[in-house]
Amino acid sequence: MPANNRKDSDRLSQVVADARRHMKEREKTYREKALKMYPHVCGRCGREFSGKGLRELTVHHRDHNHDNNPPDGSNWELLCIYCHDNEHGRLEVAEAYDGQSSSTAPPDSDFSHKPFAALEALLKGKK
Ligand SMILES: [Zn+2]
Ligand SMILES: [Zn+2]
């Protein structure tokens with residue numbers, strides 16, 4: 001029966017669609033919860049968001065685990081997209097520094113003479 005075949009493929013696409021919808025809904029749910037729970041202000045730069053601008057306000061997970069969504073919102077922080085980017089970039093940079101700083105000499109030792117040398121040359125050249 002053609003009706004049966006169609007039903008099967010319908011069910012399959014239904015399952016896929018459901019899975020997709022659930023993923024989106026889950027994302028939407030914690031975002032909406034966070035937006036209800038916290039003032040619509042970026043936790044870093046303090047910008048306020050409303051109306052269409054609210055799209056730029058995103059939910060940051062403090063422990064970086066998007067599956068950790070406690071109902072009390074303790075793992076959420078509202079950040080604008082720029083500060084959110086920054087937050088993740090900064091952490092990566094900090095980690096990179098932590099890995100290196102202990103073994104390599106501070107860059108200052110090499111740097112400190114150069115500015116003076118350049119200044120000296122500049123002063124001599126002008127006189
Ligand atoms: Zn911000
Ligand atoms: Zn984040």
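What you see is a predicted model, and the numbers here were worked out from it, not measured in a lab. (Residues numbered from 1 in each chain as written. Chains lettered and ligands numbered in written order. Predicted model: local features only at pLDDT ≥ 70, side-chain atom pairs only at ≥ 80, totals over all residues.)

1. Considerations on the overall build of the protein chain
- The number of helices and strands found in the protein chain is four helices and two strands.
- The order of helices and strands in the protein chain, counted from the N terminus, is α-β-β-α-α-α.
- Residues counted as buried form 9% of the 127 residues belonging to the protein chain.
- Counting contacts in the protein chain only where the partners sit at least 6 residues apart, residues at least 24 apart contribute 52% of the total. (Helix = DSSP H or I, 4+ residues; strand = E, 2+ residues; numbered from the N terminus. Buried ≥ 20, exposed ≤ 12 C-beta atoms within 10 Å, placed from the backbone. Contact = placed C-beta atoms within 7 Å.)

2. Looking at the pairing of strand β2 (residues 76-80)
- Extensive coverage of β2 is indicated by the burial of four of its five residues.
- As judged from the five bridges shared by strand β1 (residues 57-61) and β2, these two strands associate in the antiparallel manner. Bridged to histidine 61 within β2 is tryptophan 76. (Pairing = 2+ DSSP bridges.)

3. Considering the nonpolar core
- Counting residues in hydrophobic clusters, the biggest one holds ten residues: Tyr30, Ala34, Cys42, Leu57, Val59, Trp76, Leu78, Leu79, Cys80 and Cys83.
- No other element matches the four residues that β2 contributes to this core.
- In this structure tryptophan 76 touches Tyr30, Ala34, Val59 and His61, once residues within four positions along its chain are discounted. (Core = buried A, V, L, I, M, F, W, Y, C linked by C-beta atoms within 7 Å.)

4. Side note on the environment of cysteine 80
- The residue cysteine 80 is located in strand β2 in this model.
- In this structure the C-alpha to C-alpha distance between cysteine 80 and phenylalanine 49, which are 31 residues apart in sequence, comes to 8.7 Å.
- Residues within four places of cysteine 80 in sequence aside, it is in contact with Cys42, Cys45, Arg47, Glu56 and Leu57.

5. Observations regarding the confidence of the model for the protein chain
- Here the protein chain averages 80 in pLDDT, and 69% of its residues register 70 or above.
- Mean pLDDT values over the elements of the protein chain span from 50, in helix α3 (residues 108-111), up to 97, in β2.
- Counted against residues more than four places away or in other chains, residues 99-106, with its pLDDT under 50, gives zero contacts. (pLDDT = per-residue confidence, 0-100.)

6. So, the environment of tyrosine 82
- Position of tyrosine 82 among the secondary structure elements: in helix α2 (residues 81-101).
- Between the alpha carbons of tyrosine 82 and cysteine 42 there is a distance of 9.7 Å; along the sequence they are 40 residues apart.

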